[in-house]
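# Structural description and commentary
Chain by chain, the residues run as shown.
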Amino acid sequence: MSYPDRHSPLDATSTAKVLGLALARGTLEQAVERIVASALEGAKRRYAFVNAHCYNVMWRSTSYREALNSADSLFPDGTGVRWAARLVGERADNLNGTDMFPLLCRAARDAGLSIFLLGAQPGVAERVAHTAERLAPGIRIAGTHHGYFDAGSVEETAAIERVNASGADILLVAMGVPRQDRWLARHHDSLNVRASLGVGGLFDFYSGRIPRAPKWLRQLGGEWVFRLYQEPIRLFRRYVLGNPAFLATALLLALSHHSRRAIDSDGTKRALDVALSAGALLVLSPLLAIIALAIRAGSKGPVLFRQTRMGAHGEPFQMLKFRSMYVDAEARHAALLARNERGDLRSFKMSDDPRVTAVGHMLRRTSLDELPQLFNILAGDMAVVGPRPAIPREVSYYDRRALGRLTGKPGLTCTWQVSGRALIGFEQQVEMDLDYLRRRSLRLDISILLRTVPAVISGRGAM
């Protein structure tokens, strides 16, 4: 690993402005490089992680806002911040401290730097030190101390003296938000460490006190659901009330941001797509987790199904769905062509498809299998409203008129889906899609969205 100087592109000047905070851009590895580089330089620098909860606290606390703004770098943490960044046309990577910790331990060891662990309940920091030694054999742990002391107390003074006497290069503080960052800001001058970092609940995870969510659930952005399940009373306000509050505030600020820029209709449509998909994913996270568990319990194979579809202007992309078929479904497709109820190679539909699992039948009936496409919308491959994305082999049979469906970005819902779905023949689907592309507007999109919910509930035309 290389260590850039203060003026490298990994410096705090490489930031994304998101809802009033300048968040560092880059990967986890680059964030670790930044921390280690500052420790090697000798100048004191302070870092903090920022997630949706941090924003909610910051909007209520001036002192916390000042502590964050005075830090040398802020690392975006979690799906909520990434969504908020997209709302204002920025990019924010997920640089969460729990994933960063093993990388930081190894990088500190390789650079000959020592780490002090301060915070959490008595005994927790010591267990984290043992974990760090397993993750990075040979790492120098300068010392540990719990975080249960009052401001201005003799024990707080003793803790600071212990950190300084240890000669530590890097200090990790786990006192929770907003205490840890305000504490680091207040004692910045009295602490002799070169790099300090507030790490929230990291100690609880790496001490084994609290288990972390499975990787697949974290990838779906549902780690908060797992945490809520573990501590429902303590975390109810933070997640059940806090997440929607964060999203609503972020959306209002983003709309204000875009209105000042006087964006055109395409820009407005994109802003609406991002806002709706981000909001839906946040609100539906518990449901996504339940569906994922049901799929894994029902049949072997991955939770998500990735399939190449044709995007705007014929550009292929990987569309996501919850897996509703057995894993050999694609291999069995050719054998079932003769049973295609459409009788049309441009569109395959079969009401009693033997490849569909028991869970899959329910997902298709309710259209819940389509929910992962919200991630495609966030990525910009799809829109909320637009012609449904076609399969390449079906497009190969399109005539010139049908190819007109590819002139717009594909959507999660469309005119013919709210008018009967599979009951609508292919030629009529084409006409409806072309009509939408000629007349598309925000008013039309909203009209289709309002008709989508009752169409899904009724299940009419679902297969």
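Parameters at a glance
- Residues numbered from 1 in each chain as written.
- Predicted model: local features only at pLDDT ≥ 70, side-chain atom pairs only at ≥ 80, totals over all residues.
- Heavy atoms only, no water.
- Buried < 20%, exposed > 50% of the residue type's maximum accessible area, 1.4 Å probe, protein only.
- Helix = DSSP H or I, 4+ residues; strand = E, 2+ residues; numbered from the N terminus.
- Arc of directions from axis to C-beta.
- Pairing = 2+ DSSP bridges.
- Axes fitted to C-alpha atoms, helices over the stretch in contact; angles between N-to-C directions.
- Core = buried A, V, L, I, M, F, W, Y, C linked by side-chain atoms within 4.5 Å.
- Right-handed = clockwise from strand over helix to strand, strands pointing away.
- Left-handed = near helix turned anticlockwise from the far one by under 90°.
- Contact = heavy atoms within 4.5 Å.
- Nonpolar A, V, L, I, M, F, W, Y, C, P; charged D, E, K, R; others polar.

### Here's the deal with helix α11 (residues 223–230)
Those residues of α11 lying buried are W224, V225, R227 and L228. Taken end-on, α11 shows its buried residues confined to a sector of 165°, consistent with a single buried face.

### Some thoughts on the sheet that holds strand β8 (residues 195–198)
Sheet architecture is open: 6 strands sit in the order β4-β3-β8-β7-β5-β6, paired in parallel fashion. Each having just a single partner strand, β4 (73–76) and β6 (140–145) make up the two edges of the open sheet. For this sheet, the mean inter-axis angle between neighbouring strands, taken without regard to orientation, is 20°. Here strand β5 (residues 114–119) pairs with β6 via 5 bridges, running parallel. From the neighbouring strand, F116 faces β6, where its bridge partner is G143.

### Observations concerning the nonpolar core
Generally speaking, nonpolar side chains in soluble globular proteins are found buried as a group. Among the nonpolar cores identified, the biggest contains 56 residues, and Y55 and F322 are the most heavily contacted of them. If you tally residues by element for this core, the top one is helix α13 (residues 265–298), at 9 residues. The next biggest cluster of nonpolar side chains, apart from the first, holds 39 residues, and it includes V124, A195, F203 and F205.

### A look at the pairing of β5
In terms of burial, β5 is a largely internal element, 6 of the 6 residues being buried. The parallel pair β5 and β6, bridged by helix α6 (residues 124–135), forms a crossover whose chirality is right-handed. The pairing of β5 with strand β7 (residues 170–174) spans 5 bridges and is parallel. Within β7, the residue paired with L117 across the bridge is L172.

### Observations regarding the packing of helix α3 (residues 62–69) against helix α8 (residues 179–186)
It is at 9 Å that the axes of α3 and α8 come closest, and there the two elements cross at 65°. The handedness of the crossing between α3 and α8 comes out as left-handed. Where α3 abuts α8, its residues S63, Y64, A67 and L68 lie against D181, R182 and A185. Tallied by class, residues from the contact of α3 with α8 come to 4 nonpolar, 1 polar and 2 charged.

### Some thoughts on helix α4 (residues 79–87)
Taking burial as the measure, the 9 residues of α4 include 7 buried ones, the bulk of the element. Every buried residue of α4 is listed here: T79, G80, V81, W83, A84, A85 and L87. Phi for G89, located one or two positions after α4, is positive at around 75°.

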